[in-house]
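Notes for the structure review
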Amino acid sequence: MEVYTEAIDAGRTYQMVANVLRSGIRDGTYPPGSELPKQELLCRRFAVSRSTVRRAVKQLETDGLVTLGGRGRSPVVRGGGSSSYTSGEAGVVLAAALKDAFEAEHVTIDAYSLSGETLNHAIGREVIRIRQKKQNGEPIPVSVTVRALLADSEARLLVGEPVDDPADTRPRQRITALLRRQAPYLANCFESLTDSGPEPRVSVQIRTLAATPLFKVYLLNRGELLHGHYSFQQRSVPMRPGEPEVAFYDALGTESVLFRFTAAGDDPTSTAFVRQTQTWFDQLWQTVAKPATLDR
């Protein structure tokens, strides 16, 4: 195996190593069931100590992404197969669940979240897989139906609330811009498939609610549920390059924990939870949700 160095600047500690490995798990470099590189290779790759690597791997275990092996064994990426994920980091669990869901003939996705960012990343991978399957003559879904309930970017949301100066509108403007970028991407994410044949038939509808989501929901093929809470945190970032940092409250969803439930198993509580959540989503969609106005 080729070993290379990604030197980490002073002060950028084990979190940076964990973030790079986390990205590799998300993009499939380290698929479920595979082992992470051995400790000595990671030390050389990142030019860090063994203790730094151990802390990074421990963080991944805490996040539900890996299982620590025994003495002399490398950590194993959780899953062993996508359908075995029961909980874990949102981006990883959603990607695994969508991969399973897209094996169906008719795919349905109902999503309730702040911006749709996590869903955008996961669907992008499935679009690539569909293109590859079409090129190889493999079966693909006949239809894909997506309904997304997102926060209304014009509403006064909890995210973007400044910590120190209530009159400072810049954090809210920043959040509004982020929200407006995600919805059009989701609406157009399947466009690249139209140049290689009519299938799958795709319907993407986006509606908004004038409220801050405190949790996120993904309902797949009306029989599976992913549910997780947003992590509300104080963040400090410059509003423009070169300006001082401004503190505001934000909701982090990509790295939150999702729990996976199915209506097809033997657990009556899980079945009832999935069905009740589907009913809840349908009611919101049909009553107070409003069609989204998308920036083009």
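Structure: above.
Summary of the structure given here.

Here is what the cut-offs are and how they apply
- Residues numbered from 1 in each chain as written.
- Predicted model: local features only at pLDDT ≥ 70, side-chain atom pairs only at ≥ 80, totals over all residues.
- Heavy atoms only, no water.
- Helix = DSSP H or I, 4+ residues; strand = E, 2+ residues; numbered from the N terminus.
- Expected span 1.5 Å × (residues − 1).
- Buried < 20%, exposed > 50% of the residue type's maximum accessible area, 1.4 Å probe, protein only.
- Arc of directions from axis to C-beta.
- Contact = heavy atoms within 4.5 Å.
- Polar contact = N/O pair within 3.5 Å; in protein donor to acceptor, adjacent residues only side chain to side chain.
- 1 Å grid on protein atoms, 1.4 Å probe; cavity = no way out; pocket = protein on both sides within 12 Å on 5 of 7 lines; lining within 4 Å.
- Points joined across faces, edges and corners; volume = space filled by probe spheres on them.
- Nonpolar A, V, L, I, M, F, W, Y, C, P; charged D, E, K, R; others polar.
- Pairing = 2+ DSSP bridges.
- Axes fitted to C-alpha atoms, helices over the stretch in contact; angles between N-to-C directions.
- Patch = residues over 30% accessible without salt bridge, like charges linked within 9 Å, V, L, I, M, F, W, Y side chains within 5 Å.
- Areas by Shrake-Rupley, 256 points an atom, 1.4 Å probe, with all protein chains shown as cover.
- Salt bridge = Lys/Arg side-chain N within 4 Å of Asp/Glu carboxyl O.
- Left-handed = near helix turned anticlockwise from the far one by under 90°.
- Phe/Tyr/Trp six-rings, centres within 6.5 Å; stacked < 30°, edge-to-face > 60°.
- Lys NZ or Arg CZ within 6 Å of the ring centre and 35° of its normal.

Section: helix α7 (residues 268–286)
Taking 1.5 Å as the rise per residue, α7 with 19 residues should run 27 Å; its terminal C-alpha atoms sit 27 Å apart, in good agreement. Of the positions making up α7, those classed as buried are Ser270, Thr271, Val274, Thr277, Gln278, Phe281, Asp282, Leu284 and Trp285. Each buried residue of α7 sits inside an arc of 165° when the element is viewed along its axis, so together they form one side. What points out from α7, more than 90 degrees from its buried face, is the exposed set Pro268, Thr269, Arg275, Gln276 and Gln286. Packed against the buried residues of α7 are β4 (106–112), β5 (143–151), β6 (201–209), β7 (215–220), β8 (224–229) and β11 (257–262). Measuring from the side-chain oxygen of the N-cap residue of α7 to the backbone nitrogen of Thr269 gives 3.0 Å; that N-cap residue is Asp267.

Some remarks on the layout of surface pockets
Counted as a void, the largest pocket has a volume near 470 Å³. Glu117, Ala251, Leu252, Gly253 and Thr254 are the residues nearest the centre of the largest pocket, which is lined by 22 residues in total. For the lining of the largest pocket, the secondary structure elements donating two or more residues are α5 (117–136), α6 (170–187), β7 and β10 (245–252). Among the elements that take part in the lining of the largest pocket, α6 stands out by supplying 5 residues, more than any other. Class assignment of the residues belonging to the lining of the largest pocket gives a composition of 8 nonpolar, 7 polar and 7 charged.

Section: the sheet that holds β7
What the 8 strands build is an open sheet, ordered β3-β11-β8-β7-β4-β5-β6-β12; its pairing is mixed. Bordering the open sheet on either side are β3 (87–89) and β12 (290–291), each of which pairs with just one other strand. Examined bridge by bridge, β4 and β7 share 4 bridges and lie antiparallel to one another. Across the sheet, residue Ile109 finds its bridge partner in β7, namely Leu220. In the packing of helix α4 (residues 90–101) onto the sheet, contacts are made with β3, β4, β7, β8 and β11, and the angle to β3 comes to roughly 120°. Along the sheet, α7 makes contact with β4, β5, β6, β7, β8 and β11, crossing β5 at roughly 75°.

Some thoughts on a nonpolar patch on the surface
Residues Leu158, Leu214 and Phe232 make up a contiguous nonpolar surface patch of roughly 280 Å² in combined accessible area. Relative to the assigned elements, Leu158 resides in the loop between β5 and α6.

Digging into the environment of Arg172
Looking at the element boundaries, Arg172 is found in helix α6. Judged by relative accessible area, Arg172 falls into the buried class, the value being 17%. Residues Arg172 and Leu158, spaced 14 residues apart in sequence, show a C-alpha to C-alpha distance of 9.3 Å. Not counting residues within four places of it along the chain, the set of residues in contact with Arg172 comprises Arg156, Leu157, Val159, Gly160 and Glu161.

Regarding the side chain of Arg147
Of note, Arg147 is situated in strand β5. The class of Arg147 is buried, set by a relative accessible area of 13%.

Some details on the pattern of salt bridges
Counted by the stated rule, this structure contains 16 salt bridges. Note that Lys58 and Glu61 form a salt bridge whose closest N and O atoms lie 2.8 Å from each other. Of this pair, Lys58 and Glu61 both sit in helix α3 (residues 50–62), 3 residues apart, roughly one helical turn. Residues Glu243 and Arg240 are paired through a salt bridge, measuring 3.5 Å at the closest nitrogen-oxygen approach. Residue classification places Glu243 among the partly exposed positions, given a relative accessible area of 27%. A network of salt bridges, in which partner residues are shared, links Asp110, Arg147, Arg222 and Asp282.

As for the packing of α4 against α5
Running from amino to carboxyl end, α4 crosses α5 at an angle of 35°, the nearest separation of the two axes being 9 Å. Between α4 and α5 the crossing geometry is right-handed. Across the interface between the two elements, Ala90, Gly91, Leu94, Ala95, Leu98 and Lys99 of α4 pack against Thr118, Leu119, Ala122, Ile123, Arg125, Glu126 and Arg129 of α5. In terms of residue class, the contact of α4 with α5 is made up of 7 nonpolar, 2 polar and 4 charged.

Topic: the packing of aromatic side chains
Counted under the stated rule, the structure contains 5 aromatic pairs. Three or more aromatic residues joined by ring pairs form one cluster here, namely Tyr112, Phe215 and Trp280. The ring centre of Trp285 lies 5.3 Å from the NZ or CZ of Arg147, which sits over that ring.

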